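Now for the letters of each chain:
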Amino acid sequence: HHFSWNISKRINFSWFETVLWQAKDSTGTRGYDISYLNPIIFYRPVEESMDSPDNVILGFGLKGKVNDHHSLYTQIILDEFLLKEIRAGRGWWGNKQGLQIGGKSFDLFGIKKLDVQAEYNYVRPFTYSHLTAMGSYSHYNQALAHPEGANFNEIVAIASYRYKRFFVEGKIIQIKVGTDTAGYNYGQDIFKPYLTYTREYFNYVGQGLKNNISFMECRAAWLINPATNMKLEGGVTLRLNKNTLSDSKSTYFWIGLKTSLSNHYNDF
């Protein structure tokens, strides 16, 4: 379910909920429940009334245009929480939330087609996980929200410039993530049942084996054929990962011929 409301010409509020439906549970094979197809009701009451093992996640978003060239946005994800535990500030494992804050600028400094974006992401331990791996916020063993899973914070910075048929982009991503170690579940792996948590209280983002990941990429492209968006592009990517056990570094260069056709949808 997704609800979007343009409060004014410059402010948009959105709300969504999603359910991860399991085809099998401890009782065996489950048929799809058509109650989930109702576009109006909330998923949580339906899920609780059926006593199902499904996983429901809520989210809220807010976007505002400062002017025609600058905009700000934020999103909040609520996987599970208790207000009294949040107020207590004891790092209860079940307070599973995520936060995103960002901004975009177009034609920066009056330079046409010079665009920048900055974003901060924060996800608490055990977010997106569930009683079983099938109930996690994933599909085909891939995380649906973020490749790092949970238990991380991230800073993203992107700048791009386009001049006629020439395009160049630079990207920097800095991630601090706590991974599991010594057989303990610190909340990063969303496929592990959350009831295998290491401790009930005093959980914090980055707990476990602390990894500092740096990702840097620069690419340039030349548009050959605007009709088919065919371009010749190349770039370089650098990735660093440092923790108390090991350091790793990878660098690769790439070049390619690329095209991406536009799809025009008229189903409205």
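A brief look at the structure comes next. This is a predicted model, so every value here is computed, not measured.

## Thoughts on the packing of aromatic side chains
What characterises a pair of aromatic rings is the spacing of the ring centres plus the angle enclosed by the ring planes.
Part 1: With the rule as written, the count across this model stands at 7 aromatic pairs.
Part 2: Look at W93 and Y197: their rings are 4.8 Å apart centre to centre, the planes differ by 20°, and that puts the pair in the stacked class. Within this pair, whereas W93 is found in the loop between α2 (83–88) and β7 (96–105), its partner Y197 is found in the loop between β12 (166–179) and β13 (209–225), the two being separated by 104 residues in sequence.
Part 3: Residue Y197 is classed as partly exposed on the basis of its relative accessible area, which comes to 24%.
Part 4: Here the aromatic rings of Y184 and Y186 are separated by 6.3 Å at their centres, their planes lie at 50°, and the arrangement is tilted.
Part 5: With a relative accessible area of 44%, Y184 lands in the partly exposed category.
Part 6: Owing to a relative accessible area of 14%, Y186 belongs among the buried residues under this scheme.
Part 7: Members of the aromatic cluster, connected to one another through ring pairs, are W92, W93, F126, Y194 and Y197.

## Here we look at the pairing of strand β6 (residues 70–80)
Part 1: Bridging between strand β5 (residues 55–65) and β6 involves 8 bridges; their strand directions are antiparallel. In the sheet register, K63 faces β6, and the bridge partner there is Y73.
Part 2: Hairpin connection from β5 to β6: 4 residues lie between these consecutive antiparallel strands.

## With respect to the environment of I175
Part 1: Relative to the assigned elements, I175 resides in strand β12.
Part 2: For the pair I175 and W21, spaced 154 residues apart in sequence, the C-alpha separation works out to 30 Å.
Part 3: In this view, I175 contacts H146, E148, F152, N153, E154, N211, N212 and I213; residues no more than four positions away in its chain are not counted.

## Structural notes on unusual backbone geometry
Part 1: Despite not being glycine, N141 has its phi angle at roughly 60°, a positive value.
Part 2: Residue placement: N141 occurs in the loop between β9 (138–139) and β10 (142–143).
Part 3: Note on N141: relative accessible area 64%, which makes it exposed.
Part 4: You will see that N229, though not glycine, has its phi angle at about 55°, which is positive.
Part 5: On the secondary structure map, N229 appears in the loop between β13 and β14 (230–242).
Part 6: Exposure remark for N229: the relative accessible area of 26% places this residue in the partly exposed category.

## Thoughts on the sheet that holds β14
Part 1: In space, the 11 strands of this open sheet follow the order β1-β2-β5-β6-β7-β8-β11-β12-β13-β14-β15, with antiparallel pairing throughout. The open sheet has two edge strands, β1 (2–6) and β15 (247–258), and neither has a second partner. Ignoring which end each strand starts from, the neighbouring axes of this sheet average 10° apart.

What counts, and at which threshold
Residues numbered from 1 in each chain as written. Predicted model: local features only at pLDDT ≥ 70, side-chain atom pairs only at ≥ 80, totals over all residues. Heavy atoms only, no water. Phe/Tyr/Trp six-rings, centres within 6.5 Å; stacked < 30°, edge-to-face > 60°. Helix = DSSP H or I, 4+ residues; strand = E, 2+ residues; numbered from the N terminus. Buried < 20%, exposed > 50% of the residue type's maximum accessible area, 1.4 Å probe, protein only. Pairing = 2+ DSSP bridges. Contact = heavy atoms within 4.5 Å. Axes fitted to C-alpha atoms, helices over the stretch in contact; angles between N-to-C directions.

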